[in-house]
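Structural description and commentary
The primary structure of each chain is shown beneath.
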Amino acid sequence: MNNSVSDRSFYIESEDEEDEEKEFSKSIEDGGNDSDSSESFTENQQQNIPSSYNTQWPQSYRQSIDLYSSVPSPSIGFLGTPSLSRLGSSFLSSSLTRRHTPETLPFLTKPSVPIVADEQQQQQQRRSSHSLLPPIHSRRSSIRKDDKPSRVSHEHHPISRHSSFTQAVINGINVLCGVGILSTPYAIKEGGWVGLSILLIFAVLSFYTGLLLRRCLDSQPGLETYPDIGQAAFGTGGRIAISIILYVELYACCIEYIILESDNLSSLFPNAHLSLGGYMLDSHILFAILTSLAVLPTVWLRDLSVLSYISAGGVIASIVVVLCLFWVGLVDGVGFENKGTPLNLSTLPVAMGLYGYCYSGHAVFPNIYTSLAKPNQYPAILLTCFVICTILYGGVAVMGYTMFGESTASQFTLNMPHDLVASKIALWTTVVNPFTKYALTISPVAMSLEELVPSNKSHIYSILIRTALVVSTLVVGLCIPFFGLVMSFIGSLFTMLVTLILPCACYLSILRGRVTRLQATLCIIIIIVGVVSSSFGTYSAVSNIIQSLIH
């Protein structure tokens, strides 16, 4: 497969790398204890050896998910102080490609300076943020199958660490706070006010399982991604199974984008239609087709770094839509008067799936963690992301449902009066955002499939694979055009697996023998909650979809 982004990184050397090299040379010359320096150098050399986890399918997972989830961090000032030549050569590529270089060109990596942390500070951090997690034991030798897994700090890993606290928080919010925010008022309608507590429960459980993923990553050398964790826990079969689940979830999200565009554009232009060969295409079908044609050229792109910059505006887009909803209710006089029902047991499972979809970011958390400049900030970053997103989800849910009551649609933008300026801003923001995210979301799926084709025909097969993926999402979106029910199905089946069930199962498998009774009990409870929620939610979503198709 032609990894164009990674290939270009061969010719790019950032100032950060030069500084690291100078600092490393200085530490060798000035370095206090020679034995410590040589020991650290040897340890870094051992860590630079390519991991066996990166040789298994899918090898492209790290690279593709980084592009899908990243807010790039080029080393330039806020107003672009470097020269135009530097801006043109490295602004769009250096921050993205440096992190990919070790995966595809391991022999080019330079040994980084080991970060020595105060042992007292590390112990204090463990007590404060991991009181329910097993103690960490450092190790330097390579792990064997018959050895008990112990912690290997990613601070010594060859992956380029450059993400700051703020960048990581933005990455996390951008992944968590997506189109799911549009359906939170509809979730209250389906589950009632009492059902809103499920949102908070899922937030707490998802935060904890996000911490478990970190523990899994630190348990063995070479673990970088979610599929790596699956392989460490359950072998090659576990890696393949988890990869397929993650890719199907991304594929289903692309179907949601098609339905989203069709619903919102047809609400803006309800009278749009087209007659082709005697077939009348109404506004929903027409805009679904036009959306697919519009995103198709972006899917063909081999370098999506530009799109990753644009899609980082997803955080801004979510905030704009929330502010527009608040403006319509408070300033434009729609009001917050509807009281609603306390509990709807019959449709509560649908609401569970919708709330579960809100926290479907675990596929990306390992990438965020292994890209941090200061990995010990990960718990605080995760907590910040979950608190902000939960406040946004809860606020929108309450505002939207009190504004529109039982008439709340699966996307609150469809309920907003179209004659208001704030409504138009919210609608067009909702319409534009998926155009930048579709290609980044489908790219990991496409790249994984491209690994299975002959390298000499990769370009031809790449175009065919990516085109087929777009066409298939269009077909499925037209056959099942129910945004809320499809989202509930995704949240119930895939998100429960990725967010609740699999992190706990992998954690218990990888760290067996070192897990306390309390930790094991917590994991088992979370797995039970995930299985029950998944079973009821999936069944309810599928049955409602079938009923909607029949009628």
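Read on for an overview of the structure. (Residues numbered from 1 in each chain as written. Predicted model: local features only at pLDDT ≥ 70, side-chain atom pairs only at ≥ 80, totals over all residues. Heavy atoms only, no water.)

**Side note on the pattern of salt bridges**
Following the criterion strictly, the structure yields 3 salt bridges and no others. Of the charged contacts, one joins arginine 214 and aspartate 218 as a salt bridge, the two residues approaching to 3.7 Å between their closest N and O atoms. A salt bridge links arginine 466 to glutamate 450, with the nearest nitrogen and oxygen atoms 2.6 Å apart. Residue arginine 466 is found in helix 20 (residues 458–479), and its partner glutamate 450 is found in helix 19 (residues 421–450); the two are separated by 16 residues along the sequence. (Salt bridge = Lys/Arg side-chain N within 4 Å of Asp/Glu carboxyl O. Helix = DSSP H or I, 4+ residues; strand = E, 2+ residues; numbered from the N terminus.)

**Observations concerning the packing of aromatic side chains**
One pass over the full model with this rule turns up 11 aromatic pairs. Where tyrosine 359 meets tyrosine 393, the ring centres are 5.9 Å apart and the plane angle is 80 degrees; that geometry is what we call edge-to-face. Taken together, the residues tyrosine 359 in the loop between helix 16 (348–357) and helix 17 (365–369) and tyrosine 393 in helix 18 (residues 378–404) connect sequence positions 34 residues apart. Tyrosine 393 shares its class with tyrosine 359; the two are buried. Three or more aromatic residues joined by ring pairs make a cluster, and in this case those are Phe207, Tyr359, Phe365, Phe386 and Tyr393. (Phe/Tyr/Trp six-rings, centres within 6.5 Å; stacked < 30°, edge-to-face > 60°. Buried < 20%, exposed > 50% of the residue type's maximum accessible area, 1.4 Å probe, protein only.)

**Observations regarding helix 22 (residues 517–550)**
For helix 22, built from 34 residues, the straight-helix expectation of 50 Å at 1.5 Å per residue is met to within 8% by its first-to-last C-alpha distance of 49 Å. For helix 22, the complete set of buried residues consists of Gln519, Cys523, Ile526, Gly530, Ser533, Ser534, Gly537, Thr538, Ser540, Ala541 and Ile545. In this structure, the buried side of helix 22 is in contact with helix 11 (197–217), helix 16 and helix 21 (483–510). (Expected span 1.5 Å × (residues − 1). Contact = heavy atoms within 4.5 Å.)

**Here we look at the nonpolar core**
Most often, soluble globular proteins have nonpolar side chains that are buried together. Counting 121 residues, the largest nonpolar core has Tyr355 and Tyr438 as the members making the most contacts within it. Top contributing element to this core by residue count: helix 12 (residues 226–268), with 18 residues. Setting aside residues up to four positions removed in sequence, tyrosine 438 forms contacts with Cys254, Tyr257, Ile258, Val295, Val299, Leu469, Val470 and Thr473. (Core = buried A, V, L, I, M, F, W, Y, C linked by side-chain atoms within 4.5 Å.)

**Description of the environment of serine 534**
Tracing the backbone through its elements, the reader meets serine 534 in helix 22. Along the primary structure serine 534 and methionine 496 are separated by 38 residues, whereas in three dimensions their C-alpha atoms are 6.0 Å apart. Filtering out sequence-adjacent residues up to four positions away, serine 534 remains in contact with Ser492, Leu493 and Met496.

**Re the side chain of threonine 390**
By the secondary structure assignment, threonine 390 is in helix 18. Of note is the side chain of threonine 390, whose polar atom sits 2.6 Å from the backbone oxygen of phenylalanine 386. The contacts of threonine 390, once residues within four sequence positions are left out, are Leu199, Ala203 and Tyr359. (Polar contact = N/O pair within 3.5 Å; in protein donor to acceptor, adjacent residues only side chain to side chain.)

**Some remarks on the packing of helix 16 against helix 22**
At a closest axis distance of 8 Å, the pairing of helix 16 and helix 22 adopts a crossing angle of 110 degrees. By the angle between their directions, the pair helix 16 and helix 22 is classed as roughly perpendicular. Here helix 16 contributes Pro349, Val350 and Met352 to the contact with helix 22, which in turn contributes Ser533, Phe536, Gly537, Ser540 and Asn544. Looking at the contact of helix 16 with helix 22, its residues break down into 4 nonpolar, 4 polar and no charged. (Axes fitted to C-alpha atoms, helices over the stretch in contact; angles between N-to-C directions. Parallel < 35°, antiparallel > 145°, perpendicular 65-115°, else oblique. Nonpolar A, V, L, I, M, F, W, Y, C, P; charged D, E, K, R; others polar.)

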